[in-house]
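Here are the chains, one letter per residue:
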Amino acid sequence: MKKELVSFEGLHCANCSTPMQGEFCHECGQSIHSVLRPMHHMVEDTLDMVLHIDGRVVHTVPPLFYRPGFLTMEYFSGRRQRYVAPFRLMFVLCLLAFFVTRIAIDNVGFTDTNLEASAGTGDFAKDTTPDAVRAHFETMRKDIDKAADSAEHGKKTIRKLVSVERDHANHRLEQLGAAPLPVQTEDGWDFHQNKIESSWLPDSMVRSLNRSIEHMGTNLRGAMVGGEEGAAAQERILAGIFGVLPQTMFVVMPLFALLLKLMYVFKRRLYMEHLIVALHSHAFMFLVLFLGVLVGGLRSWLVPHAAWVSTPLLVVIWALGIWVPIYLLIMQKRVYRQGWFLTTVKYLFIGWCYTWLISFALGFAALLGLAH
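**Student:** Hey, could you run me through the overall build of the protein in this one?
**Tutor:** In terms of regular secondary structure, the protein is built from 11 helices and zero strands. Walking the protein from its N terminus toward its C terminus, one meets helices and strands in the order α-α-α-α-α-α-α-α-α-α-α. Looking at the protein residue by residue over its 372 residues, the buried ones come to 34%. Across the protein, contacts joining residues at least 24 apart in sequence account for 64% of those joining residues at least 6 apart.

This is the structure in structure tokens:
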């Protein structure tokens, strides 16, 4: 649709009285159009804005996925209007990736038949003495441990099943008028007794650190208990970790850009250029994580109904994982324009440094999540 030609002769900006040469004042930037308009005009403007954003998404996401370095080179060349800005792109994909990952973790279930069979129904009704109930529980716990070892499930599953049987046993012990079974926890640091004391730190900081340490101890002990209390503690820990992960990645981003700056110091590129590379690299990785979790969830949903899709979808997940290092290597080669040998050496060194960096960042996020 062609735009109508509009004459701005004789029109002045209502804000600064500058003669208008277009729809926006070249002195103060105010639009010539009034905001006091009928409602249908506002709806039209909103739809136009949404469609414009959608258009930029269509032009941004596909090349981000399959054209390494393309968006970065376009940004450096000044062609930026048709693409989503790097920081906004990374930020949105980061939130989406962590959101679907959190949902996937919450929906993980353990349906191994051996474990279900071992767990049974917790039938302690036939035991007529407290000692018989305790012996029955110990036998059942050992059977669960053996089944879990053969099925290669983790400690979380074992604690969950043992907790269910402990509840059944305690219910029977309560009927017999006996004390409940003790909850077994692993020996370790006493978070409540071992407090930080310092003469050179402010008292408020010491109190804050000790509160965080107590929260860590409470969450860890609660997570090991099992049952509803353990599930609630695990939920608190996960919520805390996922709550700080986006902020943690925002700290990692400039550090990764600084690493690129040091590795390509003789290229005389501005730090902001390396930061754009870092933003696009992480946006791509978050996009792959988002797609991988979606495909994994689709696979879990479809396999019970159509087992034949399991292998193809698993191949897709593996292909996404393999594409990440290949993509990043090609991107580094295209953006910095060095030979394959130098690019590969620097790529491996940057990858090694980044592995340590992200490990420390995730470990710090885990500590913050425990202290939440």
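**Student:** Whenever I open this one, the packing of aromatic side chains confuses me. Can you help?
**Tutor:** For any pair of aromatic rings, the description rests on two quantities: the centre-to-centre distance and the angle between the ring planes. Tallying each qualifying case throughout the model produces 12 aromatic pairs. Consider the rings of F98 and F286, whose centres lie 5.7 Å apart with planes at 70 degrees: the pair is edge-to-face. One end of the pair, F98, is in helix α3 (residues 86-106); the other, F286, is in helix α9 (residues 271-302), with 188 residues separating them in the sequence. With respect to burial, F98 and F286 carry one shared label: buried. Every member of this aromatic cluster is reached through a ring pair, and the members are F349, W352, W356 and F360. Its guanidinium or amino end placed over the ring of Y75, R80 lies 5.2 Å from that ring's centre, counting from NZ or CZ. A cation over a ring is seen here: K333 above W340, with NZ or CZ 5.3 Å from the ring centre.

**Student:** It is not clear to me how the side chain of R269 should be interpreted in this structure. Could you clarify?
**Tutor:** Looking at the element boundaries, R269 is found in the loop between α8 (227-263) and α9. In this structure the side chain of R269 is engaged in a polar contact, spanning 2.9 Å, whose partner is the backbone oxygen of V335.

**Student:** Please clarify how the nonpolar core should be interpreted in this entry.
**Tutor:** One broad rule of soluble globular proteins: the nonpolar side chains tend to lie buried together. The biggest cluster of nonpolar side chains holds 51 residues, and the ones touching the most others in it are L64 and F286. Elements with a minimum of two residues in this core: α2 (70-76), α3, α8, α9, α10 (310-336) and α11 (340-370). Broken down by element, this core gets its largest block of residues, 12 residues, from α9. In contact with L64, not counting residues within four places along its chain, are L71, L89, L93, H280, A283, F284, L287 and Y327. Core analysis: the next-biggest nonpolar cluster, separate from the first, contains seven residues, V133, F137, M140 and L181 among them.

**Student:** Just checking my understanding: could you explain the environment of L64 for this structure?
**Tutor:** Along the polypeptide, L64 turns up in helix α1 (residues 39-66). For the pair formed by L64 and H280, sequence separation is 216 residues and the distance between their alpha carbons is 7.7 Å.

**Student:** Explain α10 here, please?
**Tutor:** The α-helix winds at 3.6 residues per turn, so residues separated by three or four positions along the chain end up facing the same way. Across its 27 residues, α10 extends 40 Å between first and last C-alpha, which sits within 8% of the 39 Å expected from 1.5 Å per residue. The largest bend in α10 is about 30 degrees, located at W323, with the proline P325 one to four residues further on. Residues of α10 that are buried: S310, L313, L320, V324, Y327, L328, L329, M331, Q332, V335 and Y336. In the stretch just after α10, R337 is the one whose phi turns positive, near 55 degrees.

**Student:** Which parts of the structure should I look at to understand unusual backbone geometry?
**Tutor:** Excluding glycine, residues mostly have negative phi values, and the peptide bonds linking residues are mostly trans. In this structure, S17 takes a positive phi of about 65 degrees despite not being glycine. The topology assignment puts S17 in the segment before α1. The class of S17 is exposed, set by a relative accessible area of 53%.

**Student:** What am I meant to see in the pattern of salt bridges here?
**Tutor:** For side chains of opposite charge, pairing can occur when their charged atoms come near one another. Inspection of the entire model under this criterion finds three salt bridges. R79 is the salt-bridge partner of E74, the closest N and O atoms lying 2.8 Å from each other. For D131, the salt bridge goes to R134, with nearest N and O atoms at 3.7 Å. Placement of both D131 and R134 in helix α5 (residues 130-151) is noted, with a separation of three residues, approximately one turn of the helix. For D131, a relative accessible area of 59% corresponds to the exposed category. You can call R134 partly exposed: its relative accessible area is 29%.

Cut-offs used in this document
Residues numbered from 1 in each chain as written. Predicted model: local features only at pLDDT ≥ 70, side-chain atom pairs only at ≥ 80, totals over all residues. Heavy atoms only, no water. Helix = DSSP H or I, 4+ residues; strand = E, 2+ residues; numbered from the N terminus. Buried < 20%, exposed > 50% of the residue type's maximum accessible area, 1.4 Å probe, protein only. Contact = heavy atoms within 4.5 Å. Phe/Tyr/Trp six-rings, centres within 6.5 Å; stacked < 30°, edge-to-face > 60°. Lys NZ or Arg CZ within 6 Å of the ring centre and 35° of its normal. Polar contact = N/O pair within 3.5 Å; in protein donor to acceptor, adjacent residues only side chain to side chain. Core = buried A, V, L, I, M, F, W, Y, C linked by side-chain atoms within 4.5 Å. Expected span 1.5 Å × (residues − 1). Bend = angle between axes of the 7 residues up to and from the residue. Salt bridge = Lys/Arg side-chain N within 4 Å of Asp/Glu carboxyl O.

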